[in-house]
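Residues per chain, in single letters:
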Amino acid sequence: MRVRAEAHSRTSASVCPCGATVTLADRPDATVVRHAGTVGKAHAPDLTPTDLTPRLTAAAHLPDLFLPPLTPTPVDLHTRLVSFWPYGVPVDPEDPDAAPWEAAAGLLARLHRTPAPTPLPAMRGPVKAALALSRLRAATDGGPAADAVLRAWGTLPVWARAEAPQPDTTTLCHGDLHLGQLVRHPAPDGPWRLIDVDDLGVGVPAWDLGRPAAWYACGLLPPEEWRRFLAAYRAAGGTAVPADGDPWPALDVPARALTAQTAARAITKALAEGRGLDEVEQALVDACDRMASVPPQLVHEAAK
């Protein structure tokens, strides 16, 4: 089964004299609205200027990697921080054969080799994963699916569960990489750029490869697409994995953590909707069940 790009969750439109206003996403952690060539994003309610401003500033200093914000200073609007961006064309979730794996890998490799242009907090990937597990615990009293995910989560080193600092505190990382985080700018066929800086920071670069690695390990990403992505990352000088040989000692923990995070979200969503797990969601839970019986490969001494 091919994995489609994680794309905008909802689209609606309203009419005004100067053109349509389109809601691109509306979730508890973000609302994204497009008006003509400008996109406004209302960030998570708990995100502070101290969290967001240095990340916006970093993106503004890295226009060859990130879509730069229209201003590096967020606006406080009705208790939510709002940032503004030029519109870029996203990956088409209906055309998985055109997925820009090489472009994503090249951008990541360059990002991981780039010194942080401004002091940044830690990459937020482990924090987001831990939040997904906390929501799973709050949403269910147990059951085989939830138990499998929680057991897999419990095998991870403390840094991957956001219970201790990450063993790398200098490498610049995106923090939430998937194909929905790429756009072409200028539209419609400009170069690919990364978007969504909410989790940008310094940390373990293998985390940025963890989601495609997890999809591949779960049988949700075809081997050829995984090989394309990994080969392109290595060819571009990415530092998260060795230049050749087995990449899994570096990728194992992030891939496990992101599998558990995605499975936790899937179960929580299914419970809220009063339905069973679909085929993809069950595959993630099954992967967690397998992972729980095999200890992860710990590649950082500090993670032990």
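Refer to the preceding data block for the structure.
Calculation rules
Residues numbered from 1 in each chain as written. Predicted model: local features only at pLDDT ≥ 70, side-chain atom pairs only at ≥ 80, totals over all residues. Heavy atoms only, no water. Salt bridge = Lys/Arg side-chain N within 4 Å of Asp/Glu carboxyl O. Helix = DSSP H or I, 4+ residues; strand = E, 2+ residues; numbered from the N terminus. Buried < 20%, exposed > 50% of the residue type's maximum accessible area, 1.4 Å probe, protein only. 1 Å grid on protein atoms, 1.4 Å probe; cavity = no way out; pocket = protein on both sides within 12 Å on 5 of 7 lines; lining within 4 Å. Points joined across faces, edges and corners; volume = space filled by probe spheres on them. Nonpolar A, V, L, I, M, F, W, Y, C, P; charged D, E, K, R; others polar. Phe/Tyr/Trp six-rings, centres within 6.5 Å; stacked < 30°, edge-to-face > 60°. Pairing = 2+ DSSP bridges.

### Things to note about the pattern of salt bridges
Thought 1: Across all of its chains, the model carries 14 salt bridges by this definition.
Thought 2: Aspartate 29 serves as the salt-bridge partner of arginine 27, at 3.0 Å between the closest nitrogen and oxygen.
Thought 3: For aspartate 252, the salt bridge is made with arginine 256, and the minimal N-O distance between the two is 3.1 Å. Residue aspartate 252 and its partner arginine 256 are both found in helix H7 (residues 248-273); the two are separated by four residues, about one turn of the helix.
Thought 4: Its relative accessible area of 11% is what places aspartate 252 among the buried residues.
Thought 5: Of the residues examined, arginine 256 reaches a relative accessible area of 8% and is grouped as buried.
Thought 6: A single network of salt bridges, built from pairs that share partners, joins Arg124, Lys128, Asp176, Asp199 and Arg211.

### Observations concerning the layout of surface pockets
Thought 1: In this structure, the second largest pocket spans a volume of roughly 200 Å³.
Thought 2: As for the second largest pocket, its lining consists of Ala214, Ala217, Cys218, Trp248, Asp252, Ala255, Arg256, Thr259, Ala287, Arg290, Met291 and Val294.
Thought 3: Listing elements by their share of the lining of the second largest pocket, those giving two or more residues are helix H5 (207-217), H7 and helix H8 (279-291).
Thought 4: If one sorts the elements of the lining of the second largest pocket by residue count, H7 sits on top with five residues.
Thought 5: By residue class, the composition of the lining of the second largest pocket is eight nonpolar, one polar and three charged.

### Observations concerning the packing of aromatic side chains
Thought 1: Summed over all chains, the structure comprises seven aromatic pairs.
Thought 2: On the numbers, 6.0 Å between centres and 35° between planes, the contact of tryptophan 226 with phenylalanine 229 is tilted. Here the residue tryptophan 226 and the residue phenylalanine 229 both occupy positions in helix H6 (residues 223-235), the gap between them amounting to three residues, near one helical turn.
Thought 3: The class of phenylalanine 229 is buried, set by a relative accessible area of 0%.
Thought 4: Seen from their ring centres, tryptophan 226 and tryptophan 248 are 6.1 Å apart, and the 35° between their planes marks the pair as tilted. Of this pair, tryptophan 226 sits in helix H6 while tryptophan 248 is found in helix H7, placing the two residues 22 residues apart along the sequence.
Thought 5: Through a chain of ring-to-ring contacts, three or more aromatic side chains come together here, namely Trp101, Trp215, Tyr216, Trp226, Phe229 and Trp248.

### Looking at the pairing of strand S3 (residues 30-35)
Regular strands place their side chains on alternate faces of the sheet.
Thought 1: For S3 and strand S4 (residues 38-42), the ladder comprises five bridges, and the chain directions are antiparallel. Across the sheet, residue valine 33 finds its bridge partner in S4, namely glycine 40.
Thought 2: Remark: two residues form the turn of the hairpin made by S3 and S4, two consecutive strands paired antiparallel; alanine 36 in that turn has positive phi of roughly 55°.

### As for the sheet that holds strand S7 (residues 89-90)
Thought 1: With antiparallel pairing, three strands are arranged side by side in an open sheet as S7-S9-S10. Two strands bound the open sheet, and with one partner strand each, they are S7 and strand S10 (192-194).

### Some remarks on unusual backbone geometry
Thought 1: Look at the link from histidine 185 to proline 186: it is a cis peptide, with omega at 0°.
Thought 2: Mapped onto the elements, proline 186 comes out in the loop between strand S9 (182-184) and S10.
Thought 3: The peptide bond linking alanine 187 to proline 188 adopts the cis configuration, its omega dihedral lying at 5°.
Thought 4: By the element assignment, proline 188 lies in the loop between S9 and S10.

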